[in-house]
Structures are given as structure tokens and as C-alpha cells.
Amino acid sequence: MPGSEWGTATEQRFNVNLSILFTELPLLERPAAAAAAGFTAVELWWPWVDSPTPERSELDALRKAIEDAGVQLTGLNFYAGQLPGPDRGALSIPGVESERFRANIDVAADFARSVGCKALNALYGNRVEGVEAAEQDALALENLVLAARAADRIGAILLIETLNQPESPLYPLVSAPAGVAVVDRVNEATGLGNARFLMDLYHLSMNGEDLPSVIERYAAKTGHVQIADNPGRGAPGTGTLPLEDLLGQLRKAGYEGWVGLEYKPGDRPSAAAFDWLPA
């Protein structure tokens with residue numbers, strides 16, 4: 001029956017990503033716009049792409065915008081370089097970028113704590129020419145351990161995300177097993193058990209992965225889910241992904257967390273990009 005899975009939207013908790021939707025508005029106006037569109041929760045990539053350590057006044061202004069809008073921040077990326085743009089994270093890149101990531105860890109964690117955000121996403125970073133993969137992976141593990149401890153300090157989980165090979169050819173985590181393997185390594189290294197997989201169904205579908213099988217294997221290790229349709233990375237219904245069925249399968253597999261809407265609105269205002277959702 002068409003729409004039957006979206007029809008259980010009361011069971012499905014959708015939050016809107018304010019770094020890809022509502023970007024036609026200034027950052028501080030986006031939380032209120034999301035609330036006006038009917039959302040109670042939002043997520044963000046690190047909003048200050050040039051600064052892992054923004055001024056206190058900037059952090060306070062964003063916190064106030066989130067609080068005034070009455071929305072919950074459910075996910076925040078650590079500093080990840082130019083995103084959107086050429087970068088895919090900083091934590092595995094030796095030198096300045098790794099240092100920027102480390103400088104950001106406590107800033108991001110303290111901001112998350114100030115707004116009750118319980119999930120921090122750490123993008124792994126691209127492979128760098130002239131640096132051994134093993135060296136980058138060792139640095140990544142060091143930095144992810146620091147990030148997991150900071151997340152644990154505020155009662156949050158650490159998310160590790162798989163991206164897709166066509167759009168991120170230098171990013172090493174371009175399959176669900178690769179992402180989950182890093183999750184397992186971090187948990188083994190810290191003993192905290194708070195690293196979880198970020199299952200982005202758009203990225204996994206772009207990699208050609210068997211999504212029902214991924215859900216079956218990894219739902220239990222998943223801390224957050226993000227969706228966009230494929231092709232096009234647009235709203236559900238603009239492509240061919242059976243997102244209703246996949247989210248239904250995730251629920252049946254025991255996933256009860258948020259589903260982040262991380263899609264492009266297309267050539268329309270973001271507020272008009274939610275017509276697929278049940279009222």
C-alpha cells in the first residue's frame with residue numbers, strides 16, 4: 001500500500017540537516033525555519049568551516065538560535081575542513097589539519113553538551129599523496145580515541161560515517177564494512193563502547209551496496225541514519241531508492257534513533273522540500 005511506511009511517521013523520528021537544507025538562509029535563521037516547517041530536531045555539519053575554535057560569541061549565538069527555535073540539536077560534526085567542498089574530514093591528515101581537529105574536539109563537545117546534543121560525527125579524512133595509508137590510519141585511531149573520550153565525557157556517542165567512492169574518491173571508508181571496522185577498532189581501543197556507525201543510505205546506495213543486507217548486518221551497531229534519494233541526492237521520491245521499505249526494515253531490526261534528512265532541496269525553497277512527508 002503506497003505511503004504505508006511514511007504513514008508510521010510517528011514511529012519514525014525525522015530531523016533536518018541544516019547544512020544542506022535551509023542553506024538559502026543565514027545559519028542563525030535556520031533553526032527557526034526548521035521549526036516552522038514542523039521539525040522538532042536538527043543536525044549540523046561543523047558550521048565554521050575555516051575555524052575549529054570559533055569565538056565564544058559565535059558559539060553562544062548559535063546556541064541561542066537553537067534554544068529560541070525550540071528545536072533539539074541531535075547531531076553535530078566535528079571540524080572537517082571545507083564541507084561542502086574539497087575536504088572530507090581532518091582527523092587522519094598529518095600536520096595542520098590533524099592539529100585543527102584536536103583543537104576542535106573539546107570545543108565541539110562542550111557546545112554539544114550546552115544544547116543537549118548526544119551524537120558527534122567524526123569524518124575520517126581523505127588519503128593524502130606521499131603519506132602511507134598505515135600512517136594515516138594510526139593517526140586516525142589516535143584522534144578517534146580522543147574524540148570518543150570527549151563524547152563519553154558529555155554522555156554522547158561518536159559516529160563514524162561511510163561516504164561514497166564516486167563523489168569522494170580519496171576517502172578510504174566507502175563501504176559499510178570499512179566504516180564498521182573503524183567503529184570496532186575505536187571501541188576496542190577505548191573500552192567505552194560509544195563509537196557507532198552512521199548509516200547513510202544515499203552514500204551506501206551510491207557505492208552499489210546491498211542495502212537490505214547492510215541493515216540486517218549492521219543495524220545493531222548503527223547510532224544514526226541519514227537519507228537522500230538516488231540518483232540526485234534529492235528528497236525521497238525524486239529518485240529510485242525504496243526508502244520507505246528500508247526505513248521500515250531498520251525499525252524492524254530494532255533501530256529507534258533519528259533519521260537525518262540530508263538531501264538537496266532542488267530548485268525550490270527548502271520549506272517546499274518536505275511534501276513527501278505525511279502531515
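Everything numeric in this text was worked out from a predicted model, so none of it was measured.

Caption draft 1: Inspection of the overall build of the chain at higher detail. When helices and strands are counted, the chain shows eight helices and eight strands. For 279 residues, the compact-globule estimate of 2.2 N^0.38 gives 19 Å, and the C-alpha radius of gyration of the chain, at 18 Å, lies within 12% of that figure. With the C-alpha coordinates of the chain rotated into their principal frame, the extents come out at 50 × 45 × 35 Å. Within the chain, the fraction of its 279 residues that count as buried is 53%. In the chain, 76% of the contacts between residues at least 6 apart in sequence involve partners at least 24 apart. Total accessible area computed for the chain in this model is approximately 11,700 Å², and 52% of it derives from carbon and sulfur atoms. Each charge sign in the chain was given a centre, from 22 positive and 37 negative side chains, and these centres are 4 Å apart.

Caption draft 2: View of the pattern of salt bridges. Going through the model one piece at a time under the given rule, you end up with 12 salt bridges. Between Asp 110 and Arg 113 there is a salt bridge, with its nearest N and O atoms 3.3 Å apart. Linking Asp 110 with Arg 113, this pair stays in helix α3 (residues 96-114), spanning three residues, or about one helical turn. The exposure class assigned to Asp 110 is partly exposed, which follows from its relative accessible area of 33%. Residue classification places Arg 113 among the partly exposed positions, given a relative accessible area of 47%. Asp 184 is the partner of Lys 221 in a salt bridge, and the nearest nitrogen-oxygen pair spans 3.0 Å. With Lys 221 in the loop between α7 (211-218) and β7 (222-227) and Asp 184 in helix α5 (residues 176-190), the pair connects residues that are 37 residues apart, well separated along the chain. Taken together, the shared-partner salt bridges in this structure form one network comprising Arg 56, Asp 60, Arg 63 and Glu 67.

Caption draft 3: Highlighting the pairing of strand β3 (residues 72-77). With respect to burial, β3 is a largely interior element, five of its six residues being buried. Two strands pair when backbone bridges link them, and strand β2 (residues 41-44) and β3 are joined in this way by four bridges, in the parallel orientation. Bridged to Ala 41 within β3 is Gln 72. Remark: the β2/helix α2 (residues 56-69)/β3 crossover connection has right-handed handedness. Pairing between β3 and strand β4 (residues 119-121): two bridges, direction parallel. The residue bridging Asn 77 from the neighbouring strand is Asn 121, located in β4. For the segment spanning β3, α3 and β4, crossover handedness is right-handed.

The rules behind the values
- Residue positions are given per chain, counting from 1 as you read along its sequence in written order.
- Selection of residues for local features in this predicted model requires a pLDDT of at least 70, selection of side-chain atom pairs for listing and counting requires 80 or more, and totals for whole chains, interfaces and linings are taken over all residues.
- The side-chain values count all of the structure's non-hydrogen atoms but skip hydrogen atoms and water molecules.
- The numbering of helices and of strands both runs from the N terminus, where a helix is a DSSP run of H or I of at least 4 residues and a strand a run of E of at least 2.
- Put simply, the radius of gyration uses C-alpha atoms, and a globule should come to 2.2 Å times the residue count raised to 0.38.
- When a residue's accessible area, from a 1.4 Å probe over protein chains only, is under 20% of the maximum for its type it is buried; when over 50% it is exposed; and in between it is partly exposed.
- Two residues form a contact once any of their heavy atoms are found within 4.5 Å.
- Note on areas: these come from Shrake-Rupley sampling with a 1.4 Å probe, and a residue is covered only by the protein chains present in the view.
- In this tally, Asp and Glu contribute negative charge and Lys and Arg positive charge; neither His nor the terminal groups of the chain are included.
- For charged residues, the charge sits on one atom: NZ in Lys, CZ in Arg, CG in Asp, CD in Glu.
- A pair is scored as a salt bridge if a Lys or Arg side-chain nitrogen falls within 4 Å of a carboxyl oxygen belonging to Asp or Glu.
- One requirement defines pairing of two strands: DSSP has to find at least two bridges between them.
- Here the term right-handed applies to a crossover when the path leading from its first strand over the helix to its second strand runs clockwise, the strands being oriented away from the viewer.

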